[in-house]
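For reference, the chains in residue letters:
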Amino acid sequence: MKVGVIGSGTMGSGIAQVASTANCKVIVYDVKQEALNKSKTALEKVMNRLVEKGKFGTNRAEEIQNNISYSDQLQSFESCDLVIEAIVENPEVKRNVFTELEGIVSENCIIASNTSSLSIASLAASLKKPERFIGIHFFNPAPLMKLVEVVPAIQTEESVLNKTKETIESWGKVVVQAKDTPGFIVNKVARPFYGEALRILEEGIADVATIDWTMKEIGGFRMGPFELMDFIGNDVNYTVTETVFKAFYYDARYKPAFTQKRLSEAGYLGRKSGRGYYNYAEGASNPKPKQDEALAKMVFNRVLVMLINEAADTLHMNIASAKDIDLAMTNGVNYPKGLLAWANEIGIEKCVTELDSLFNEYHEERYRCSPLLRKMARNGEVFSL
Ligand SMILES: NC(=O)c1ccc[n+]([C@@H]2O[C@H](COP(=O)([O-])OP(=O)(O)OC[C@H]3O[C@@H](n4cnc5c(N)ncnc54)[C@H](O)[C@@H]3O)[C@@H](O)[C@H]2O)c1
């Protein structure tokens, strides 16, 4: 299979590595020669490291590198079977590239976007044959993250969807299917992990270190929400939240937090700027968690039940299947358990009671219980996974 990748930045380079490792011939195109050079050098470094670690021999490393060619001409995509776009998140720029590309590739070539926040339907509409268009959403770093969300637009033909899923699965990825709705699965369902933690902080219920400690210690999450926001970058995380909030017509559930906006405005972006919720300067002292069991239990239950509610509502709105929602969260953001499996374990009725008590306390929309959870509790049902 011949694969074209448009854009040789972070994601394009990673996707190219994934496809070439799966023995596809790959062409990477970028408007900037310098970006192409950087991508090639980065891959060489990765390959050398993998050889040093004994993952494979030099022959295999060369094979993977030789599978990729680099071009500053879109015309090189002429004989591609699949083209994945991973350029700047600008709808106009993306649409122009797709229109030009369609004049170059064959009738049967599948054209895909790795966009995180644009609607697949709006991008597909830039083509004369929109039924060949689909969303293929990789996670960063693409070679390491197992999950890929495949997102058909309303225009996408069934055969294109099936072929895409089959191809990406053959690249060794865990493929889930999501409806063309804002944030797809992961970037939507994960919002309360940050949002509810921020709310608990803003209300003064617990501090950053205590909330992080709680989620790791009781929940088994690899990183606490604040550590993770610092890792992702507070500017990036804030933008995702704001985008999802606007895209869901200002649904209060996704309301961004002033705390994060201020950090972002101050340049406290997290690890990359040396300071975020924590101070990463050498020798800097950071606050210690308050290891209060009752407080930790309360904080953990509140964040978890909000995550479960979001996952349940995602199923309720048919954005993805129960199985795919759980696979997405365990493989896309490394949650220790699928949220719906977790709900089964805790008991659906208990989740409803917790959500209702939050709603009764605050009378805010963000705490409304998903109708699906309520119905399941009433009927004594569990999620089938
Ligand atoms: N970075 C992430 O964590 C992440 C995760 C999933 C999806 N995405 C999505 O992937 C896409 C790319 O993100 P990224 O982080 O790799 O960006 P990036 O800035 O690292 O790379 C973008 C590349 O596209 C090139 N480019 C810009 N305009 C172009 C054009 N018209 N034609 C050809 N090349 C062009 C740039 O020169 C650059 O090399 C975006 O749509 C983003 O939403 C990003």
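Nothing here was measured: the structure is a model prediction, and the numbers come from that model. (Residues numbered from 1 in each chain as written. Predicted model: local features only at pLDDT ≥ 70, side-chain atom pairs only at ≥ 80, totals over all residues.)

J.: How do you make sense of the pairing of strand E2 (residues 25-29) when you look at a structure like this?
T.: Working note: regular strand, side chains alternate between the two faces of the sheet. Counting buried residues in E2 gives four out of five residues, a clear majority hidden from the surface. The pairing of strand E1 (residues 2-6) with E2 spans five bridges and is parallel. Bridge pairing in E2 places Val5 opposite Val28. As paired elements, E2 and strand E3 (residues 68-71) share four bridges and run parallel to each other. Bridge pairing links Val28 to Tyr70 in E3. (Buried ≥ 20, exposed ≤ 12 C-beta atoms within 10 Å, placed from the backbone. Helix = DSSP H or I, 4+ residues; strand = E, 2+ residues; numbered from the N terminus. Pairing = 2+ DSSP bridges.)

J.: Help me out: how do you make sense of unusual backbone geometry in this one?
T.: Leaving glycine out, the prevailing phi sign among residues is negative, and the prevailing peptide bond configuration is trans. The peptide bond linking Asn140 to Pro141 adopts the cis configuration, its omega dihedral lying at -5°. Considering the arrangement of structural elements, one finds Pro141 in the loop between strand E6 (133-138) and strand E7 (147-152). For Asn23, which is not a glycine, the phi torsion comes out positive at approximately 65°. Considering the arrangement of structural elements, one finds Asn23 in the loop between helix H1 (10-21) and E2. Despite not being glycine, Asn318 has its phi angle at roughly 55°, a positive value.

J.: Honestly, helix H13 (residues 293-316) in this entry has me stumped. Any pointers?
T.: At 3.6 residues per turn, the α-helix brings residues three or four places apart onto the same side. Taking 1.5 Å of rise per residue, 24 residues should cover 34 Å, and H13 covers 34 Å from first to last C-alpha, within 8% of that figure. Once H13 ends, the next one or two residues include Asn318, with phi positive near 55°. (Expected span 1.5 Å × (residues − 1).)

J.: Got a minute to help me understand the nonpolar core in this structure?
T.: As a rule of thumb, nonpolar side chains are buried together in soluble globular proteins. Of all hydrophobic cores here, the largest spans 103 residues; its most connected members are Ile15, Val83, Ile134, Ile185, Ile308, Ile325 and Leu339. With 11 residues, H13 is the single largest residue contributor to this core. Setting aside its immediate chain neighbours within four residues, Ile134 contacts Ile110, Ala112, Ile120, Val150, Val151, Pro152, Ala153, Thr156, Val160, Leu161 and Thr164. (Core = buried A, V, L, I, M, F, W, Y, C linked by C-beta atoms within 7 Å. Contact = placed C-beta atoms within 7 Å.)

J.: Could you clarify how one ought to interpret the pairing of E6 in this entry?
T.: Extensive coverage of E6 is indicated by the burial of six of its six residues. The two faces of E6 match: Phe133, Gly135 and His137 on one face and Ile134, Ile136 and Phe138 on the other face are all buried. Pairing of strand E5 (residues 110-113) with E6, which is carried by three bridges, proceeds in the parallel orientation. Each bridged residue has a counterpart across the sheet, and for Ser113 the counterpart in E6 is Gly135. Note: E6 against E7, five bridges, orientation antiparallel. Bridge assignment links His137 to a residue of E7, and that residue is Glu149.

J.: Explanation requested: the environment of Leu340 in the structure shown.
T.: By the element assignment, Leu340 lies in helix H15 (residues 339-346). Along the backbone, Leu340 and Lys323 are 17 residues apart, and their C-alpha atoms lie at a distance of 8.5 Å. Non-local contacts of Leu340, meaning those with residues more than four positions away in its chain, are made with Ala311, Ala322, Ile325, Asp326, Phe383 and Leu385.

J.: Would you mind going over the site of the ligand with me for this structure?
T.: Gly7, Gly9, Met11, Ala35 and Asn140 are the nearest of the 22 residues found near the ligand. Of all the elements in the fold, those that place two or more residues in the shell around the ligand are H1 and helix H4 (91-102). Looking at the shell around the ligand element by element, the count peaks at three residues for H1. Split into classes, the residues belonging to the shell around the ligand amount to 10 nonpolar, nine polar and three charged. (Near = placed C-beta within 6 Å. Nonpolar A, V, L, I, M, F, W, Y, C, P; charged D, E, K, R; others polar.)

J.: Got a minute to help me understand the sheet that holds E6 in this structure?
T.: Within a beta sheet, neighbouring strands are joined by backbone hydrogen bonds and run either parallel or antiparallel to one another. Strand order in the open sheet formed by eight strands is E3-E2-E1-E4-E5-E6-E7-E8, with mixed pairing between adjacent strands. Of all the strands in the sheet, just E3 and strand E8 (174-177) have a single pairing partner and so form its edges. Taking the axes of each pair of neighbouring strands and ignoring which way they run, one obtains an average angle of 25° across the sheet. Contacting E7 and E8, helix H14 (residues 322-332) crosses the sheet at an angle of about 135° to E8. (Axes fitted to C-alpha atoms, helices over the stretch in contact; angles between N-to-C directions.)

J.: Got a minute to help me understand the packing of H13 against H15 in this structure?
T.: A pair of packed helices is characterised by two quantities: the angle between their axes and the separation of those axes. As a packed pair, H13 and H15 sit with axes 9 Å apart at the nearest point and diverge in direction by 120°. Classed by the angle they form, the pair H13 and H15 counts as oblique. Pair H13 / H15 crosses with left-handed handedness. Residue-level inspection shows Leu304, Leu307, Ile308, Ala311 and Ala312 of H13 in contact with H15, the latter providing Leu339, Leu340, Trp342 and Ala343. Its residues placed into classes, the contact of H13 with H15 shows nine nonpolar, no polar and no charged. (Parallel < 35°, antiparallel > 145°, perpendicular 65-115°, else oblique. Left-handed = near helix turned anticlockwise from the far one by under 90°.)

J.: Could you clarify how one ought to interpret the packing of helix H2 (residues 33-52) against helix H3 (residues 58-66) in this entry?
T.: Relative orientation of the contacting elements H2 and H3 amounts to 160°, with a least axis distance of 9 Å. Accordingly, the angle class assigned to the pair H2 and H3 is roughly antiparallel. Crossing angle aside, the handedness with which H2 passes H3 is right-handed. Facing Leu43, Glu44, Met47, Leu50 and Val51 of H2, the residues of H3 in contact are Thr58, Ala61, Ile64 and Gln65.

J.: Could you clarify how one ought to interpret the environment of Ile15 in this entry?
T.: Inspection of the secondary structure assignment puts Ile15 in helix H1. Leave out the neighbours within four places in its chain, and Ile15 touches Val5, Ile84, Ala86, Asn114, Phe138 and Ala142.

Don't take any of this as a statement about function, it's just geometry.
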